[in-house]
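Chain by chain, the residues:
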Amino acid sequence: MREISLHILDIVQNSVVAKATEIEVDICEDKKLDKLTVVIRDNGCGMSEEFLKKVIDPFATKRTTRKVGLGIPLLKMAAENTGGSLEIQSKEGEGTVVTAVFGLSHIDRQPLGDMAGTMLGLFTAYEDIRFLYKHKVNEKEFFVDTKEIRNVLGDVPFQAPEVYLWLSDFLKEGEEELNQMEV
Amino acid sequence: MKSLAELEAIRNKAKGSVNLRKDDNAVRIVVGMATCGIAAGAKPVMTALMEEVAKRNLENVAVTQTGCIGVCRLEPIVEVMVPGEEKVTYVKVDPKKAAEIISEHIVNGRVVTKYTIGAAQ
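The structure presented is a predicted model; accordingly, all values stated were derived computationally and were not measured.

Rules behind the numbers
- Residues numbered from 1 in each chain as written.
- Chains lettered and ligands numbered in written order.
- Predicted model: local features only at pLDDT ≥ 70, side-chain atom pairs only at ≥ 80, totals over all residues.
- Heavy atoms only, no water.
- Helix = DSSP H or I, 4+ residues; strand = E, 2+ residues; numbered from the N terminus.
- Buried < 20%, exposed > 50% of the residue type's maximum accessible area, 1.4 Å probe, protein only.
- Contact = heavy atoms within 4.5 Å.
- Areas by Shrake-Rupley, 256 points an atom, 1.4 Å probe, with all protein chains shown as cover.
- Lys, Arg positive; Asp, Glu negative; His and termini not counted.
- Charge placed at Lys NZ, Arg CZ, Asp CG, Glu CD.
- Buried area = accessible area lost by both parts, 1.4 Å probe.
- Salt bridge = Lys/Arg side-chain N within 4 Å of Asp/Glu carboxyl O.
- Polar contact = N/O pair within 3.5 Å; in protein donor to acceptor, adjacent residues only side chain to side chain.
- Pairing = 2+ DSSP bridges.
- Axes fitted to C-alpha atoms, helices over the stretch in contact; angles between N-to-C directions.
- Left-handed = near helix turned anticlockwise from the far one by under 90°.
- Nonpolar A, V, L, I, M, F, W, Y, C, P; charged D, E, K, R; others polar.

Draft legend 1. Structural context of the overall build of chain B. The helix and strand inventory of chain B stands at 5 helices and 4 strands. Its helices and strands in sequence order give chain B the pattern α-β-α-α-β-β-β-α-α, from N to C terminus. Its C-alpha atoms give chain B principal-axis dimensions of about 50 × 35 × 20 Å. Counting all 121 residues of chain B, 49% fall into the buried class. Contacts spanning at least 24 positions in sequence make up 63% of the contacts within chain B whose residues lie at least 6 apart. Accessible surface, chain B as shown: approximately 5800 Å² in total, 49% of it carbon and sulfur. Charge centroids of chain B, computed over 17 positive and 14 negative side chains, lie 3 Å from each other.

As structure tokens, this is what we get:
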């Protein structure tokens, strides 16, 4: 993985597999604390205490198509390489929270990457899941709740061509505005 | 800034014309989006597919994601399912190939044989 956004995309897939109906993606870039924090919170099936203990082990995957699961270990490595950390909290039947902290100005910190494209891909691929996306850069914040968009759209799908293009512009504009403020 | 009012206008325009994809006769394009796929570049491929579908106004095509398809070394993998036809699996796809798959396979109905899993093995 070369970008943090790709790690996020990857970890969110775990939430989807865990049958979450609500997934929160929360990014906070804080210059003062010199930290970039990513929180992914879902209401999926969660993990047992036993599995939680070994979930950072690459050979602990629950998949059946291959024997290794690298999503979590890769994110952990990326975070720890910048003096940061990875924490996972989970409760069976309630959901999971994955928190990754990166050193914002650390030379080894991967770029955040294309968050607009990442969220667009998720919104449109999993239309039935409610996504709450929040990206904070210092004082400025961009927030999207797909439920609000869904309410406007009714049963018109996110993948309808015009809607897709609107969503794409909407997310790109939101992200751009955050970066303009970053002086 | 994009407004929800704008979206409402889009909805009113789109309503009625876009329910096709929920039918069984919709074309399904599935992208492998597990760790292996993402690391190999599946996200730009997904974006290219969706953009191409949107730009060409293909109402009857649904682009979806799936987990690991099981042949990680050939990722990014894209599967195309046209109703009534055999599933076609494309391997080592990039955004350029993705656009070609849409124009050739989906629009013109010709399988792009050189990118299929059969050609790679």
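Draft legend 2. Structural view of the interface of chain A and chain B. Across the contact, 40 residues belong to chain A and 39 residues belong to chain B. Here chain A meets chain B over a buried area of about 3400 Å², counting both sides, of which 64% is carbon and sulfur. For the interface between chain A and chain B, the tally reads 2 salt bridges. A salt bridge links Lys13 of chain B to Glu162 of chain A; the nearest nitrogen and oxygen atoms lie 3.4 Å apart. The interface formed by chain A and chain B holds 8 residue pairs in polar contact (both at pLDDT 80 or more) in total. Listed by contribution, the elements that provide at least two residues to the side of chain A that touches chain B are α1 (4-17), α3 (71-80), α4 (115-125), α5 (146-153) and α6 (161-181) of chain A.

Draft legend 3. Region of the structure containing the pairing of strand β3 (residues 78-81) of chain B. Residues and elements named next belong to chain B. Sheet topology note: the strand β1 (residues 27-32)/β3 ladder contains 4 bridges and is antiparallel. Each residue of the ladder has a partner; that of Ile29, found in β3, is Val80. Summarising the sheet, β3 and strand β4 (residues 88-90) pair through 3 bridges and their orientation is antiparallel. Paired with Val80 across the two strands is Val88, which belongs to β4.

Draft legend 4. Examining the sheet that holds strand β2 (residues 61-66) of chain B more closely. Residues and elements named next belong to chain B. Pairing is mixed across the open sheet formed by 4 strands, whose spatial order is β2-β1-β3-β4. Among the strands making up the open sheet, the edge pair consists of β2 and β4. Strand after strand, the sheet turns through a mean of 20 degrees between neighbouring axes, direction not considered. Contacts from helix α3 (residues 42-55) reach β1, β2 and β3 within the one sheet, and its direction differs from that of β2 by about 165 degrees.

Draft legend 5. Region of interest: the packing of α4 of chain A against α3 of chain B. Closest axis-to-axis distance for the α4 of chain A/α3 of chain B pair is 10 Å, and the angle between their directions is 65 degrees. In the crossing of α4 of chain A with α3 of chain B, the sense of the turn from one axis to the other is left-handed. Packed against α4 of chain A, whose contacting residues are Gly117, Thr118, Gly121, Thr124 and Ala125 of chain A, the element α3 of chain B presents Lys43, Met46 and Met50 of chain B at the interface. When its residues are assigned to classes, the contact of α4 of chain A with α3 of chain B shows 3 nonpolar, 4 polar and 1 charged.

Draft legend 6. Structural context of the sheet that holds strand β3 (residues 85-91) of chain A. Residue and element names in this part refer to chain A. Strand order in the open sheet made by the 6 strands is β3-β4-β2-β1-β5-β6, with mixed pairing throughout. Strand pairing shows two members of the sheet lacking a second neighbour, β3 and β6 (140-145), which therefore form its edges. Strand-to-strand, the axes of this sheet are offset by a mean angle of 5 degrees, without reference to chain direction. Across 7 bridges, β3 lies against strand β4 (residues 95-103) in antiparallel orientation. The residue bridging Ser85 from the neighbouring strand is Val101, located in β4. Lying over the sheet, α1 contacts β1 (22-30), β2 (35-42), β4 and β5 (130-137), oriented at roughly 20 degrees with respect to β2.

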